[in-house]
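Examining the three-dimensional arrangement
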Amino acid sequence: QDVPVIAIDGPTASGKGTVAQRVAQHLGWAVLDSGALYRLTALACMQNGVADSDEAEAARIAAGLDVQFHNGAIWLGGHDVTAAIREEPVGVFASRIAAFGMVRQALLERQRAFRRLPGLVADGRDMGTVVFPNAPLKIFLVADVAARAERRCKQLKEKGFSANLSSLMEDLQARDERDRTRSNAPLVPAPDAIIIDSSNLTIEETVNAVLDHWSKIG
Ligand code: C5P
């Protein structure tokens, strides 16, 4: 049976994660946070002294990741890393190794395995273009960089991490640039994606916009 997928792609801190979770909750569907897999690979590399320039070793780590997702928590090799993978240095490392074709290939089937009935909401950069190209609904969520930096700043502070708005803005721009210009699965909207700009929308309004599009299809 064909399992429907709602693909939600977009730049860093565009609100994809929260929106994906709420849409999935509303529909009673599973959710894939694909960025978490890149972050987990990054954390495992950092813990094992693998450099962010070592494609083969990073891919080997990605292929062998011992991860468990349950009740919103993420475990890596028996340790709860839910908070650790959200730290900024892990995100930056993740965006470097995400440029490697071998790393992306190693994570491909792991991502597709999240597809299960009654449906999957998948968030990332290439959900609609590479991982689930036949998804019946593809959303490309954007927001201006100031709005995204403010959201990320608030998020980090809520989690007890320190955060600085201007350095976050620089970080986001550098990460966006890397994601957009890489040759492997660059961050671009699929030709059939619907673009939603959430700069001036609340999370609830954005969730409703996605659900609205789905109700026209589903
Ligand atoms: O979405 P998040 O910020 O958690 O992702 C961390 C990094 O992983 C991103 O900056 C991006 O470079 C990479 N990523 C990716 N493809 C995905 C999800 C994330 O390249 N599908």
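Just so we're clear, the structure is a prediction, and the values are computed from it rather than from any experiment. (Residues numbered from 1 in each chain as written. Predicted model: local features only at pLDDT ≥ 70, side-chain atom pairs only at ≥ 80, totals over all residues.)

1. Here's the deal with the overall build of the protein chain
When helices and strands are tallied, the protein chain shows nine helices and eight strands. What you see for the protein chain is a C-alpha radius of gyration of 16 Å, in line with the 17 Å of a compact globule of 218 residues. With the C-alpha coordinates aligned to their principal axes, the bounding extent of the protein chain is approximately 50 × 40 × 35 Å. Split into buried and exposed, the 218 residues of the protein chain put 41% on the buried side. For the protein chain, long-range pairs separated by at least 24 residues make up 76% of all intrachain contacts whose partners lie at least 6 apart in sequence. (Helix = DSSP H or I, 4+ residues; strand = E, 2+ residues; numbered from the N terminus. Rg over C-alpha atoms; globule rule 2.2 N^0.38 Å. Buried ≥ 20, exposed ≤ 12 C-beta atoms within 10 Å, placed from the backbone. Contact = placed C-beta atoms within 7 Å.)

2. Here's the deal with helix 9 (residues 203-217)
Turn by turn, an α-helix covers 3.6 residues, leaving residues three or four places apart pointing in a common direction. With 15 residues, helix 9 extends 22 Å from end C-alpha to end C-alpha; this agrees with the ideal 21 Å at 1.5 Å per step. Where helix 9 is concerned, the buried positions are Thr206, Val207 and Val210. Projected down its long axis, helix 9 carries its buried residues within an arc of 100°, all on one side. For helix 9, exposure combined with an orientation more than 90 degrees from the buried face picks out Glu204, Glu205, Asp212, Ser215 and Lys216. Here the buried face of helix 9 lies against strand 1 (5-9), helix 1 (16-27), strand 7 (137-142) and strand 8 (194-197). (Expected span 1.5 Å × (residues − 1). Arc of directions from axis to C-beta.)

3. Let's talk about the sheet that holds strand 2 (residues 30-33)
If you trace the five strands from one edge of the open sheet to the other, you get 2-6-1-7-8, paired in parallel fashion. Strand pairing shows two members of the sheet lacking a second neighbour, strand 2 and strand 8, which therefore form its edges. Neighbour-to-neighbour, the strand axes of the sheet open up by a mean angle of 20°, direction not taken into account. (Pairing = 2+ DSSP bridges. Axes fitted to C-alpha atoms, helices over the stretch in contact; angles between N-to-C directions.)

4. Section: the site of the ligand
The environment of the ligand is formed by 14 residues, the closest being Gly35, Tyr38, Ser95, Ala98 and Gly124. Looking at the shell around the ligand, the elements with two or more residues in it are helix 2 (34-47), helix 4 (88-97) and helix 8 (165-181). The dominant element in the shell around the ligand, judged by the number of residues it contributes, is helix 2, at four residues. Among the residues forming the shell around the ligand, the class breakdown is three nonpolar, six polar and five charged. (Near = placed C-beta within 6 Å. Nonpolar A, V, L, I, M, F, W, Y, C, P; charged D, E, K, R; others polar.)

5. Overview of the packing of helix 1 against helix 9
Where helix 1 meets helix 9, the axes come as close as 9 Å, and the angle between the chain directions of the two elements is 55°. Considering their axes alone, helix 1 and helix 9 lie oblique with respect to each other. Along this stretch, helix 1 crosses helix 9, giving a crossing that reads as right-handed. Taken together, the residues of helix 9 that come into contact with helix 1 (itself represented by Thr18, Val19, Arg22, Val23 and His26) are Ile203, Thr206, Val207, Val210 and Leu211. Per-class residue counts for the contact of helix 1 with helix 9 are six nonpolar, three polar and one charged. (Parallel < 35°, antiparallel > 145°, perpendicular 65-115°, else oblique. Left-handed = near helix turned anticlockwise from the far one by under 90°.)

6. Considering the UniProt feature "binding site: ATP" (unreviewed entry) in the protein chain
Under the present numbering, the feature "binding site: ATP" (unreviewed entry) in UniProt falls on Gly10, Pro11, Thr12, Ala13, Ser14, Gly15, Lys16, Gly17 and Thr18. Within the secondary structure, glycine 10 is located in the loop between strand 1 and helix 1. If near-sequence neighbours (up to four positions away) are discounted, glycine 10 is found in contact with Lys16, Phe140, Leu141 and Val142. You can see serine 14 is positioned in the loop between strand 1 and helix 1. A count of 28 C-beta atoms within 10 Å places serine 14 in the buried class. For serine 14, the contacting residues outside a window of four places in its chain are Leu141, Val142, Ala143, Arg148 and Ser198. (UniProt positions renumbered as here; feature names shortened; annotations may be inferred.)

7. A closer look at the sheet that holds strand 3 (residues 67-70)
What the three strands build is an open sheet, ordered 3-4-5; its pairing is antiparallel. Taken across any chain shown, the strands that pair with only one partner, and hence form the sheet edges, are strand 3 and strand 5 (79-80). Bridge count for strand 3 against strand 4 (residues 73-76) is four bridges, and the pairing is antiparallel. Counterpart to phenylalanine 69 in the pairing with strand 4 is isoleucine 74.

8. So, the UniProt feature "domain: Cytidylate kinase" (unreviewed entry) in the protein chain
What UniProt calls "domain: Cytidylate kinase" (unreviewed entry) maps, in this numbering, to residues 6-213. Split by type, residues 6-213 is 50% helix and 16% strand. Its first and last C-alpha atoms lie 10 Å apart.

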